[in-house]
Amino acid sequence: MPQITANGIPIHYEEHGDPSHPPMLLIMGFGAQLTLWPIELVDALVSRGFRVIRYDNRDVGLSHKFDGVKAPGIIKMTILTKLGITPKVPYTLSDMADDGAGLLDALEIEKAHIVGASMGGMIAQHFAVKHAAKTLSLTSVFSSTGNAKLPPAKKEAMKVLITRPASMEEEALVDHGVKLSRTIGSPGYPAEEEKLRARVRQSVQRSVYPEGATRHLSAIVADGDRRSMIRNITVPTLVLHGEDDPLVPVEGGRDTAAHIPGAAIKTYPGWGHDLPMELVDTIADDISAHAQSA
């Protein structure tokens, strides 16, 4: 996998498709490697006429790690945020949007369709505001606005997300990853056990770095409410969200669409907080049709 310097740090990325086709940048979420964009979805987007780029965010996968940089504790950050004080964090979601913009610059791409999932959707919102000139369209997938009045994640979903694995042994890491996938995944499209374990194992063998997720979480909490910011998004925007998402409830997607001028939204029953194989073609159709009409 190639590595390139973007926004001053090493970023690992993959390119798929014809370089002459319209570029599409995929931004993944909290603690998640680029491989959480299923290759089947990447291939489906390529077959629909796009040059698809997926990359590891900073502090995850094979991109730059901010070793030794401490993030404030979640309780302290929550208290400060409720008091209206922005906590000091190692980096922000805006910084992470700059990474994506820097990657496009390094690849000599002037503009791209921006697609973000979960925390990646939050980063994509920043991208579409801060780097509007580089943005052809925006697709936000099971993301939210940071509005504190929205329904929270289900307790079991948040618990498994922030709980560390029992050990750093491979089997313990795989077991933890499978449990996480089952807890936040799509109730209408449960993954086959053998295939799920194989995907999780491949991810574990590629990279394990829990410290990065801690700093990702601090960036999310410190970002606060983005509703006033996303009102400034002017590019064509599509919001996709599962109606059975236990981690970012569908109200987060509806709030996102309500605050981005002209945004369209599609929600699907049975879809949780993952990208199940059964929905790959549907999601690819939605994203590609939106991008092509932008």
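One can find the structure itself at the top, above this paragraph.
Scoring rules and cut-offs
- Residues numbered from 1 in each chain as written.
- Predicted model: local features only at pLDDT ≥ 70, side-chain atom pairs only at ≥ 80, totals over all residues.
- Heavy atoms only, no water.
- Helix = DSSP H or I, 4+ residues; strand = E, 2+ residues; numbered from the N terminus.
- Expected span 1.5 Å × (residues − 1).
- Buried < 20%, exposed > 50% of the residue type's maximum accessible area, 1.4 Å probe, protein only.
- Contact = heavy atoms within 4.5 Å.
- Pairing = 2+ DSSP bridges.
- Core = buried A, V, L, I, M, F, W, Y, C linked by side-chain atoms within 4.5 Å.
- Axes fitted to C-alpha atoms, helices over the stretch in contact; angles between N-to-C directions.
- Parallel < 35°, antiparallel > 145°, perpendicular 65-115°, else oblique.
- Left-handed = near helix turned anticlockwise from the far one by under 90°.
- Nonpolar A, V, L, I, M, F, W, Y, C, P; charged D, E, K, R; others polar.
- Salt bridge = Lys/Arg side-chain N within 4 Å of Asp/Glu carboxyl O.
- Polar contact = N/O pair within 3.5 Å; in protein donor to acceptor, adjacent residues only side chain to side chain.

1. As for helix H11 (residues 280-293)
Part 1 of the reasoning: With 14 residues, H11 should reach 20 Å at 1.5 Å per residue; the first-to-last C-alpha distance of 20 Å fits that figure.
Part 2 of the reasoning: Along H11, the residues classified as buried are Val-280, Ile-283, Ala-284, Asp-286, Ile-287, Ser-288, His-290 and Ala-291.
Part 3 of the reasoning: Where H11 is buried, its residues meet strand S3 (23-27), helix H1 (39-47), strand S5 (112-117), strand S6 (135-141), strand S7 (237-242) and strand S8 (264-268).

2. Comments concerning the pairing of strand S1 (residues 3-6)
Part 1 of the reasoning: Covered by surrounding structure in S1 are Ile-4 and Ala-6 only, the residues Gln-3 and Thr-5 on the alternate face being uncovered.
Part 2 of the reasoning: Across four bridges, S1 lies against strand S2 (residues 9-16) in antiparallel orientation. When the bridges of S2 are listed, Gln-3 appears paired with His-12.
Part 3 of the reasoning: With antiparallel pairing between neighbouring strands as the criterion, S1 and S2 make up a hairpin whose turn holds two residues, including Asn-7 at a positive phi of roughly 55°.

3. Quick word on the nonpolar core
Part 1 of the reasoning: One finds Leu-25 and Leu-103 to be the most contacted residues of the largest nonpolar core, which totals 36 residues.
Part 2 of the reasoning: Among residues more than four places away in sequence, those in contact with Leu-25 are Ile-53, Tyr-55, Gly-100, Leu-103, Leu-104, Ala-112, His-113, Ile-114, Val-115 and Phe-127.

4. Regarding the packing of H1 against H11
Part 1 of the reasoning: Where H1 contacts H11, the axes come no closer than 9 Å and their chain directions differ by 40°. Considered as vectors, H1 and H11 are oriented oblique to each other. Along this stretch, H1 crosses H11, giving a crossing that reads as right-handed. Contacts from Glu-40, Leu-41, Ala-44 and Leu-45 in H1 reach Val-280, Asp-281, Ile-283, Ala-284, Ile-287 and Ser-288 in H11.
Part 2 of the reasoning: When grouped by side-chain class, the residues that make up the contact of H1 with H11 number seven nonpolar, one polar and two charged.

5. Details of the sheet that holds S1
Part 1 of the reasoning: Strand order in the open sheet formed by eight strands is S1-S2-S4-S3-S5-S6-S7-S8, with mixed pairing between adjacent strands. Among the strands making up the open sheet, the edge pair consists of S1 and S8. Each adjacent strand pair in this sheet contributes to an overall mean axis angle of 25°, direction not counted.
Part 2 of the reasoning: Examined bridge by bridge, S5 and S6 share six bridges and lie parallel to one another. In the sheet register, Val-115 faces S6, and the bridge partner there is Thr-139.
Part 3 of the reasoning: Its contacts with the sheet put H1 on S2, S3 and strand S4 (51-55), and the angle it makes with S4 is roughly 155°.
Part 4 of the reasoning: The sheet contacts of helix H10 (residues 250-259) involve S6, S7 and S8, and relative to S7 the element is tilted by about 170°.

6. Focus on the pattern of salt bridges
Part 1 of the reasoning: Overall, the coordinates contain 19 salt bridges when judged by the stated rule.
Part 2 of the reasoning: Asp-59 is the salt-bridge partner of Arg-215, the closest N and O atoms lying 2.6 Å from each other. Highlighted residues: Arg-215 in helix H8 (residues 210-223) and Asp-59 in the loop between S4 and helix H2 (74-82), separated in sequence by 156 residues. For the pair Arg-215 and Asp-59, one class covers both residues: buried.
Part 3 of the reasoning: Each member of the salt-bridge network shares a partner with another, and the members are Glu-170, Glu-171, Asp-175, Arg-182, Glu-193, Arg-197 and Arg-201.

7. What to know about the environment of Tyr-268
Part 1 of the reasoning: Counting through the fold element by element, Tyr-268 comes out in strand S8.
Part 2 of the reasoning: Each C-alpha atom of the pair Tyr-268 and Glu-278 lies 12 Å from the other, and the pair is ten residues apart in sequence.
Part 3 of the reasoning: For Tyr-268, the contacting residues outside a window of four places in its chain are His-241, Gly-242, Glu-243, Thr-282 and Asp-286.

8. Details of the side chain of Asp-56
Part 1 of the reasoning: Assignment of secondary structure puts Asp-56 in the loop between S4 and H2.
Part 2 of the reasoning: Assessed through its relative accessible area of 0%, Asp-56 is described here as buried.
Part 3 of the reasoning: At 2.9 Å, the side chain of Asp-56 and the backbone nitrogen of Leu-62 are in polar contact.
Part 4 of the reasoning: If we ignore the near neighbours within four places in the chain, the residues touching Asp-56 are Ile-11, His-12, Gln-33, Leu-34, Gly-61, Leu-62, Ser-63 and Arg-206.

Keep in mind that these numbers describe shape and distance, not what the molecule does.
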